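Here is how the chains run, residue by residue.
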Amino acid sequence: MPRVSNPHPQVPAVVAFARDLACHADRTAVITAEGALSYRELADRVAAAARRLGTGRRLVLLAGANTLDVLVVYLAALASGHPVLLAPHDRPDFLRALADTYDPDVVAHPDGTLDERRTVSAHTLHPDLALLLSTSGSTGSPKLVRLSHENLRANAESIAASLAIRGGDRAATTLPMYYCYGLSVINSHLLRGAGLVLTDLSVTDDRFWTLFRDARATTLAGVPYTFELLDRVGFADMRLPDLRYLTQAGGRLPAAQVERYAALGRRHGWDLVVMYGQTEATARMAYLPPELASRHPQAIGVPIPGGSFRLEPLPNVPGPDTGELVYAGPNVMLGYAERPADLARGRTVDELRTGDVARRLPGGMYEIVGRRSRFAKPYGLRIDLQHVENTLAGRGLTACCAGDDAGLVVAVTGDTAERSVRRLVAAECGLPAKAVSVHVLPDLPRLPTGKPDHRAVLRLARAEPVATTDLCRLYEEILDHPGVTEDDTFVGLGGDSLSYVEMSLKLEEALGSLPPDWPARRIRDLRRSARATRLRALETGIALRATAIVLIVGSHIGVFWIQGGAHVLLAVAGFNFARFHLTSAGRRERRRHVLGALARIAVPSVAWIVLAALLTADYHLVDALLLKSATGHDSNYWFIEVIVYILLATAAWLSVPALERVERRSPFPFALGLLLAMLIVRYDLGGLTDLPDAITALWMFPLGWAAAKADGVGQRLLVTAIGLATIPGYFGPGEQLREIILIIGVTLLIWVPLLPSTAWLNRLTGPLAAGSLYIYLVHWQVYPLLEEHSEPLALLASFAAGLAYTAVATRTIRYTTGRSSRTTFRPPTHEPPPALRTSLQRPGKVHPVAGRGHPSPDEIGDQAEECADAKGAQDAPAESEDDDEGVDADVHGGHISPAASRRRLSGGRSVRPVQRPLAVTTVTPETSGNA
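Computed from a prediction, not measured in an experiment: that's the story for all the values here. (Residues numbered from 1 in each chain as written. Predicted model: local features only at pLDDT ≥ 70, side-chain atom pairs only at ≥ 80, totals over all residues. Heavy atoms only, no water.)

### Observations concerning the overall build of the chain
Worth spelling out the cut-off: Secondary structure elements are defined from DSSP: runs of H or I of at least 4 residues count as helices, runs of E of at least 2 residues count as strands, and each element is numbered from the N terminus. Buried, partly exposed and exposed residues are distinguished by accessible area as a fraction of the type maximum, computed with a 1.4 Å probe on protein chains only: under 20%, between the cut-offs, and over 50%, respectively. Areas reported here follow the Shrake-Rupley algorithm with a probe of radius 1.4 Å; residue values treat only the protein chains shown as occluding.
For the chain, the count of helices and strands is 31 helices and 27 strands. Buried residues in the chain amount to 62% of all 931 residues. Accessible area of the chain: about 33,700 Å², with a carbon and sulfur share of 56%.

### Focus on the packing of helix α17 (residues 565-580) against helix α26 (residues 736-751)
Under the convention used in this document: In this description, a line fitted to the C-alpha atoms serves as the axis of each element, helices being fitted only across the stretch in contact, and the angle between N-to-C directions of two axes falls anywhere from 0 to 180 degrees. Orientation is classified from the angle alone, with under 35 degrees giving roughly parallel, over 145 giving roughly antiparallel, 65 to 115 giving roughly perpendicular, and any other angle giving oblique. Take the far helix as the reference: if the near one is turned anticlockwise from it by less than a right angle, the crossing is left-handed, and if turned clockwise, right-handed. Any two residues having at least one pair of non-hydrogen atoms within 4.5 Å are treated as being in contact. Polarity classes work like this: nonpolar for Ala, Val, Leu, Ile, Met, Phe, Trp, Tyr, Cys and Pro, charged for Asp, Glu, Lys and Arg, and polar for all others, with Gly in that last group.
Orientation of α17 relative to α26, taken along the N-to-C sense of each, is 20 degrees, at an axis distance of 9 Å. By the criterion of interaxial angle, the relationship of α17 to α26 is roughly parallel. Between α17 and α26 the crossing geometry is right-handed. Seen from α17, the contacting residues are His567, Val568, Ala571, Val572 and Phe575; seen from α26, they are Arg738, Ile741, Leu742, Gly745, Val746 and Leu749. Here the contact of α17 with α26 is composed, by residue class, of eight nonpolar, two polar and one charged.

### Side note on the sheet that holds strand β16 (residues 308-312)
Rules: Strand pairing is defined by DSSP finding a minimum of two bridges between the two strands.
Spatially, β16-β17-β19-β20 is the arrangement adopted by the four strands of the open sheet, whose pairing is antiparallel. Each edge of the open sheet carries a strand with a single partner, namely β16 and β20 (366-371). When strand polarity is set aside, the average angle formed by the axes of neighbouring strands in this sheet is 50 degrees.

### With respect to the pairing of strand β7 (residues 129-134)
For β7, a buried count of six out of six residues is recorded, marking the element as mostly surrounded by other parts of the structure. When strand β4 (residues 84-87) meets β7, the two strands line up parallel, connected through three bridges. Directly across from valine 84, in β7, lies its bridge partner leucine 131. The sheet contact formed by β7 and strand β8 (residues 144-148) spans five bridges and is antiparallel. Each residue of the ladder has a partner; that of leucine 129, found in β8, is serine 148.

### Regarding the environment of arginine 591
Turning to its location among the elements, arginine 591 is positioned in helix α18 (residues 587-615). Residues within four places of arginine 591 in sequence aside, it is in contact with Ala651, Leu654 and Ser655.

### Things to note about the pattern of salt bridges
We apply this condition: The rule for a salt bridge is simple: a side-chain nitrogen of Lys or Arg has to be within 4 Å of a carboxyl oxygen of Asp or Glu.
One pass over the structure, following the stated rule, counts 22 salt bridges. Ionic pairing is found between aspartate 231 and arginine 260, a salt bridge with its closest N-O pair at 3.0 Å. One end of the pair, aspartate 231, is in helix α8 (residues 224-232); the other, arginine 260, is in helix α9 (residues 255-268), with 29 residues separating them in the sequence. Using a relative accessible area of 35% as the deciding quantity, one classes aspartate 231 as partly exposed. Given a relative accessible area of 43%, arginine 260 falls into the partly exposed group. Here the residues in one salt-bridge network are Arg310, Glu312, Glu324, Glu351 and Arg353, joined through shared partners.

### Comments concerning a nonpolar patch on the surface
The following threshold applies: Patch members must show over 30% relative accessible area and no salt bridge, and they are joined within 9 Å when carrying like charges or within 5 Å when they are nonpolar side chains of Val, Leu, Ile, Met, Phe, Trp or Tyr.
A contiguous nonpolar patch, built from Val610, Leu611, Leu614 and Leu615 and spanning about 420 Å² of accessible area, is present on the exposed surface. If you trace the backbone, leucine 611 turns up in helix α18. Relative accessible area serves as the criterion here: at 40%, leucine 611 is assigned to the partly exposed category.

### Focus: the packing of aromatic side chains
For clarity, the threshold we go by: Stacked, tilted and edge-to-face pairs are distinguished by plane angle, under 30 degrees for stacked and over 60 for edge-to-face with tilted covering the rest, among Phe, Tyr and Trp rings (Trp via its six-membered ring) whose centres lie within 6.5 Å.
Within this structure, the stated rule accounts for 27 aromatic pairs. Considering the side-chain rings of phenylalanine 309 and tyrosine 366, the 5.1 Å spacing of their centres and the 65 degrees angle between planes classify their relative orientation as edge-to-face. Of this pair, phenylalanine 309 sits in strand β16 while tyrosine 366 sits in strand β20; the two residues are 57 residues apart in sequence, bridging distant segments of the chain. No difference in accessibility class separates phenylalanine 309 from tyrosine 366, as the two residues are buried. Aromatic side chains tyrosine 774 and tyrosine 805 sit 5.7 Å apart centroid to centroid with 75 degrees between the ring planes, which places their arrangement in the edge-to-face category.

### Quick word on the state of the cysteines
Note the cut-off: Defined by distance alone, a disulfide is two cysteine sulfur atoms within 2.5 Å.
All chains considered together, the criterion is met by zero disulfides. Left without a disulfide partner, cysteine 401 is nearest to the cysteine sulfur of cysteine 429, which lies 6.9 Å away. For cysteine 401, a relative accessible area of 1% translates into the label buried.

### Focus on the pairing of β4
In the case of a regular strand, side chains alternate between the two sheet surfaces. Quick reminder of the rule: Note on handedness: a clockwise path from strand one over the helix to strand two, with the strands aimed away from the viewer, defines a right-handed crossover.
The side-chain alternation of β4 yields two buried faces, one formed by Val84 and Leu86 and the other by Leu85 and Ala87. Of the pairings in the sheet, the one linking strand β3 (residues 60-63) to β4 comprises four bridges and is parallel in character. From the neighbouring strand, leucine 61 faces β4, where its bridge partner is leucine 85. Chirality of the crossover, the property in question, places the unit of β3, helix α3 (residues 68-80) and β4 among those that are right-handed.

### Here we look at the confidence of the model for the chain
Basically, it comes down to this: Per-residue confidence from the predictor is reported as pLDDT, a score between 0 and 100.
On average, residues of the chain carry a pLDDT of 79, and 78% of them reach 70 or more. Low pLDDT, under 50, characterises residues 1-10; the predicted model gives this stretch 23 contacts beyond four residues in sequence or across chains. Across residues 463-469, confidence stays below pLDDT 50; counting only partners more than four residues off in sequence or on other chains, it has ten contacts.

### Structural notes on the environment of alanine 87
Relative to the helices and strands, alanine 87 resides in strand β4. Residue alanine 87 is classed as buried on the basis of its relative accessible area of 1%. Setting aside chain neighbours within four positions, we find alanine 87 in contact with Leu61, Leu62, Ala63, Gly64, Leu95, Leu98 and Tyr178.

### A short note on the sheet that holds strand β24 (residues 407-413)
Read across the sheet, three strands follow the order β23-β24-β25 without closing on themselves; strand pairing throughout is mixed. Each edge of the open sheet carries a strand with a single partner, namely β23 (399-404) and β25 (436-441). Geometrically, the sheet is characterised by an average inter-axis angle of 15 degrees between neighbouring strands, direction not taken into account. Pairing geometry for β23 and β24, over six bridges, is antiparallel. Along β24, the bridge assignment pairs glycine 403 with leucine 408. Where helix α10 (residues 385-394) meets the sheet, its contacts fall on β23 and β24, and the angle it forms with β23 comes to roughly 150 degrees. Of the strands in this sheet, β24 and β25 are in contact with helix α11 (residues 418-429), which crosses β25 at around 140 degrees.

### A word on the packing of helix α5 (residues 149-163) against helix α6 (residues 180-191)
Orientation of α5 relative to α6, taken along the N-to-C sense of each, is 75 degrees, at an axis distance of 8 Å. In terms of axis orientation, α5 runs roughly perpendicular to α6. Counted together, Leu152, Asn155, Ala156, Glu157, Ile159 and Ala160 of α5 and Ser184, Asn187, Ser188 and Leu191 of α6 form the full contact between these two elements. Residue composition of the contact of α5 with α6, by class: five nonpolar, four polar and one charged.

### Thoughts on the nonpolar core
This is how it is decided: To form a nonpolar core, buried Ala, Val, Leu, Ile, Met, Phe, Trp, Tyr and Cys residues must be joined to one another through side-chain atoms within 4.5 Å.
Counting residues in hydrophobic clusters, the biggest one holds 121 residues, and the most contacted among them are Leu42, Leu71, Leu75, Trp209, Phe235 and Leu246. Of all the elements, α3 adds the most residues to this core, at eleven residues. What leucine 246 contacts, discounting residues up to four positions off in sequence, is Leu220, Phe227, Leu230, Phe235, Tyr261, Trp270, Asp271, Leu272 and Val273. By size, the runner-up hydrophobic cluster in this structure holds 87 residues, among which are Leu582, Ala602, Ile643 and Tyr645.

### Regarding unusual backbone geometry
The backbone of aspartate 103 sits at a positive phi, close to 45 degrees, despite the residue not being glycine. Here aspartate 103 is to be found in the loop between α4 (92-102) and β5 (106-108). A positive phi is found at threonine 282, a non-glycine position, where the angle reads about 60 degrees. Among the structural elements, threonine 282 can be located in the loop between β13 (271-278) and β14 (283-288).

### Some words on helix α28 (residues 772-786)
Worth spelling out the cut-off: Multiplying one less than the number of residues by 1.5 Å gives the expected span of a helix. Each residue is assigned a bend, namely the angle between axes fitted to the seven residues that terminate at it and the seven residues that start at it.
Over its 15 residues, α28 runs 20 Å from end to end, which matches the ideal 21 Å to within 8%, given 1.5 Å per residue. At histidine 779, α28 is bent by approximately 50 degrees, the largest bend along its length. The buried count for α28 comes to twelve of 15 residues, which makes it a mostly enclosed element.

### Focus on helix α7 (residues 206-214)
Note the cut-off: Any N or O atom pair separated by 3.5 Å or less is treated as a polar contact, with the protein-specific requirement of one donor-capable and one acceptor-capable atom, and with residues adjacent in sequence counted only for side-chain atom pairs.
Among the nine residues in α7, seven count as buried, and that is most of the element. Every buried residue of α7 is listed here: Arg207, Phe208, Trp209, Thr210, Leu211, Phe212 and Asp214. Among the structural elements, β1 (28-32), β9 (170-172), β10 (195-197), β11 (219-222) and α8 are those in contact with the buried residues of α7. With a side-chain oxygen lying 2.9 Å from the backbone nitrogen of arginine 207, the N-terminal cap of α7 falls on aspartate 205.

### Digging into the side chain of aspartate 105
Assignment of secondary structure puts aspartate 105 in the loop between α4 and β5. There is a polar contact of 2.7 Å between the side chain of aspartate 105 and the side chain of arginine 118. One polar contact links aspartate 105 to serine 121, side chain to side chain, over a distance of 2.7 Å.

The following block contains the structure:
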């Protein structure tokens, strides 16, 4: 029977290295893109967060992004005895499943905010329980590894000793914090008072290496896929004078690659340390001393200090020196958890059966030769799938093999023939050739962590997917971007608001229902995640834009009389501005994006109005320069003018570092304060009268802005209440319908992210929403020509002319921006991930996030004021004794300025992640929600 310890201690245990941070005094603890933080400063922040968490033990669900805010909450919980459920911040479905299954008492978001569900825990929490980590990719009933305070301490001590970590070391966080290997890097360095270079950047990003060099980082950790990426970026030729060693775990690195990197390290003065671990052992269990890497490149090495291995004999694996690898040591987990009641259990296991088949080598080293669960049994023959992959690797082929009782499926890369691979595998396994399905691909299907996706390989034999090369051509055509590869993403290629609609419709036609975050997914991953269905969803902002432009033009013509659409659009503009421009990008980049959006609005508008002035007597220079409202007069183009004025003002305050910092740190209070300030104009508190529409309507923009930044039910209720209190009476007597339209629009914007739709409705709505600015521009000149003959014809002609101008303006913008942006630099393919907040508190609510386009050379060379965009880390399911997918971690994407780390700031301000996941069929307005 499992042993259960007393679950009610008087004094909760804590993790010493989290409690004793201040002992390291003024040593550098954390370096981010925005500066450095000492251990003393980090300890102060941790103490403040611990006070917020309180003394009564509660279960804390923490979204594990690589940000300073998350690190602080993690350490605060460990230091004050609160068990932490550390989970992927970028997997909303999995997070919902965890929240539903384990009912946490506190939910900690990536920006450090805490949602306290209760003040006293609803659970019985065992006194030894410190950390819960995922060990399965399942989102139905998440299986967790229960780790104790002693597990964390012992493993951190063992790793620090194995690697001889010292106070002057600085480790870059190339792996997700929620992945046990990445967390082990953090724990072991904090234990020794060493530094962390906290970043979500990919090693494929030049700016990662600038940060790495500027921070004088000494340590780099990677999984096998990381080393593939290092080869691609020319790591062998890099000058990294402070690099002391590389560590590798998370899967087998081919022996030839181990030898090559070991030799490279000898030439450049650093070591390669191959390691081996599982989540169930709090991360790492073995290491290969660097001096042995060249002689035994196939080995995992020797147990870490305090641990030991033994081999359990297997019936199908003869020999005294081969068997299932079993580990014992103080870092072995307490046991598994599958339900809240398990959180009260004590230790239920004393040793870890790894599920790996190993061979003992001379000198006490071990080599992994297979995996117990990686077997298939077609035609009654037991096939070791790992052996098949190793056989192909011996022939110089990179392959991933899966199988079941029906046969084997082999995905292979490189210049080879399917027939030759099929014959080779069939002969090796004693199978008929028809039992082997071979697929030659440009790259192996991979999990977001970088590990080969065996399930995806198995699906290759079930149905032939849409060719990814066709999707690449589709991206090239729509984005006017040559050389698209399967590793590219929509946002990484610089997709804009207009191309978003066209792309989403084309992809839905080809693939079916798209995942909410499709713009941030690599092309290769889209066909695996799309679902064939007739159901569609439409983002509320798109629906409001399309509906509003119809109401505006129809009311101007007189087809009907339903006003309020322009003011709804102004709220949508503020909402989209907050999401797409107030991201975690650097201040210069934010300002540059705002100015770019300003140009994309102002230039087509000025061009059209100048043309109208030349052909008619209705417009003059003040109209063409969008200054009519500024001179105190009402204008047909008041909506465009107010957006231009706001973007100009925004570019100005983004040039003031103090104001920009306030907005970053307190996005909702900042938006709320701006809204309250703008209500002065709404209620004419300054004693002004007869202000033009562009001025009196200004408050609608911060109303939408506050709605976008509202986080949680309470803040959304507050914004709703402000809208309900301020909209009535704004338009004057007899305008109740107009007020109702505006109230409905704003309420939908706040509370309803997606509306049910159909494919044909999306195809109709998308172009209207994307072209709303241009329809608004041209309809003033089009409908007067036709309204006396037919008002419906005038309405349709206005739409047609606006969409035609949309096409002209879009092609012109793409041409002019494309000429300057097509450089040899390729941006990272992983874009900002969804945050936890939306997925847990607002079921079903998804929003688009902003992504940088293809940067120009001067963007790549920006200096210290830039900061990191939100990460592109992906999910990393951990190994368990019954999960053959194993443990891995992604190498992240994102954007950061190349020399951002050159500032040595003492404040260590953290980067706030983008808080809104992506939605299906979403316009990403460069125009901040144009008319």
